[in-house]
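What the coordinates show
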Amino acid sequence: MKFETLNSGKSRFWKRFCLGFSLFVIALFGIFTIYTSFAKYKVVSSVKLAEGTINYSRADFSLIGIKQQERNEDGSGKTIEGGEGKEYKDVTDVPTDGYEFNGEATYCTIGDDVHVTGKTALLAKGITITYDSATGLVFSGIKKTNTKCYVYFDVSEKGSSEKTLADLDFDSQGAAKKGFGDTACLVGCGITEENGVFEAEDEDGTISYYFRGSVSNNWVKFGKTSGGSDLYWRIIRINGNGSIRLIYAGETSSLGSSNTGKNAEDSKAYNSSYNDNKYVGFMYGGIKGGATTTSYTDAHKNETDSDILTTLYSWWDKTNLETLLGKIDGATGFCNDRQSYDGSAATSKPDKASHGYGTITTYYGPYIRAYQTRKPTFLCAQKSQDLFTYKDDRGDGNGALKKPVGLITADEVMYAGGYAGKNNTGYWLYTNQYYWTMSPYSWSSGSASVFRVADSGSLGDISVIDTD
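Quick look at the structure, then. (Residues numbered from 1 in each chain as written. Predicted model: local features only at pLDDT ≥ 70, side-chain atom pairs only at ≥ 80, totals over all residues. Heavy atoms only, no water.)

Overview of the pattern of salt bridges
Tallying each qualifying case throughout the model produces 18 salt bridges. Across the pair Asp-230 and Lys-224 runs a salt bridge, and its minimum N-O distance is 2.6 Å. Taking the relative accessible area as the measure of exposure, Asp-230 reaches 23% and is therefore partly exposed. Each member of the salt-bridge network shares a partner with another, and the members are Asp-202, Arg-237, Arg-245 and Glu-412. (Salt bridge = Lys/Arg side-chain N within 4 Å of Asp/Glu carboxyl O. Buried < 20%, exposed > 50% of the residue type's maximum accessible area, 1.4 Å probe, protein only.)

Concerning the environment of Thr-311
Relative to the helices and strands, Thr-311 resides in helix α5 (residues 307–316). In the structure, Thr-311 is positioned 42 residues away from Ala-269 in sequence and 9.2 Å away in space, judged by C-alpha atoms. (Helix = DSSP H or I, 4+ residues; strand = E, 2+ residues; numbered from the N terminus.)

Comments concerning the sheet that holds strand β21 (residues 435–444)
Taken together, five strands build an open sheet; the order of strands is β18-β19-β21-β22-β23 and the sheet is antiparallel. Each of the sheet's edge strands pairs with one partner strand only, and the pair in question is β18 (340–341) and β23 (459–463). Bridging between strand β19 (residues 362–364) and β21 involves two bridges; their strand directions are antiparallel. Within the sheet, the bridge partner assigned to Thr-362 lies in β21 and is Trp-443. The strands touched by helix α6 (residues 365–373) within the sheet are β18, β19, β21, β22 (447–453) and β23, with β19 carrying the most contacts at an inclination of about 75°. (Pairing = 2+ DSSP bridges. Contact = heavy atoms within 4.5 Å. Axes fitted to C-alpha atoms, helices over the stretch in contact; angles between N-to-C directions.)

So, the environment of Asp-112
Mapped onto the elements of the fold, Asp-112 is located in the loop between β5 (99–110) and β6 (114–117). In this structure the C-alpha to C-alpha distance between Asp-112 and Thr-147, which are 35 residues apart in sequence, comes to 8.7 Å.

What to know about the packing of aromatic side chains
Across all of its chains, the model carries 20 aromatic pairs by this definition. Relative to Tyr-152, the ring of Tyr-107 has its centre 6.3 Å away and its plane inclined at 40°; by these criteria the two rings are tilted. You can see Tyr-107 sitting in strand β5 and its partner Tyr-152 sitting in strand β9 (residues 147–155), a full 45 residues away along the chain. Summarising the burial analysis for this pair, Tyr-107 and Tyr-152 share the class buried. A ring pair is formed by Tyr-371 and Tyr-441, whose centres lie 5.9 Å apart and whose planes are at 85°; its orientation type is edge-to-face. (Phe/Tyr/Trp six-rings, centres within 6.5 Å; stacked < 30°, edge-to-face > 60°.)

Written out as structure tokens, the structure reads:
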């Protein structure tokens, strides 16, 4: 006998109800899944439609879009093919070095249909946008939630190191000629053929290009004071390794008020003690005012900071240069040439056995080159001792510096156009001010002395305790 289960009308109803409810739940779950998935993946590049595609830039999904101008290989701003307009790309970070805010191209959309371009038009709507590389972008006066602004940045046409280096024209500035003359321009500037860019060997065993005479295209803007003012520098030379040696020129790019080569802070002694050979040092052996040294080694150990080095550290701490260490070459160094000689004539010989310490009359290498041979050099005679390099980037030097900062050398002044014992108001290092170099001169007549540039532009010596 065959048994069959009969389906009643009631059972069919519940079966259909359960099936319908299940489909409803599945439909709800599907809608919920789509909604939550959309919430998780809001950022899209494009949305496909039945009849085409709407494209969006990444900036369209932010309240602020940042547009940065691209560069050509020569560092200048890039233009669209045909020369119409400028090419920009979307970036996520506000650019700093080498770019400037373009207020005229900047625009905002307010609400659904108001499009306002340029600082003046935006100001009329009560919106101001300001920019400083230290503090970033600042917006004020935005009153509607549906407001979006697109901020443009152009390649800087003034002050950036990229622009300065791109403008260097060696052919018109002296064709990087070899050789060295007595000076680039004597009083009255009657000699002009030695103005320009020249070449000489440096510590890298390659060519260093240096600026000489009356030149004006060696300005660089790099870093800021703690108060936000720009720091201006001038290029002494391009080192053989491609890095750039700069000298501080104050907080203005105006040549007339330049502080080129001036102490970072005025009226500072090189060393406040003077009665020992050791005080010609950028650093020296023993303590300040301690016992007289009895050997060259004891005098010229790099143990104690000179007063001028302490001053430079203090100045450094009032800038943002610590944040720019990645752009600074700490291994190239600054030469405090303390090679001592047994006399003051061109025929004198280096001697560390009986000179260079205590109160023994001693003349140093920079003196011989400035007054006797008239042949400066970018080479440092005692690199492991006298080439002051940064502690974290020692290179071939002594690694004694806490900060990668130093002073210009007497040799660099001579290459630039300075002349020992003669006035020169016509070369770029002339400022009508006194300033230190870090090159030892001598210990004689009871005092240690180093080279400085005088207010007449001449290169000469002064006691290390001088503060004028």
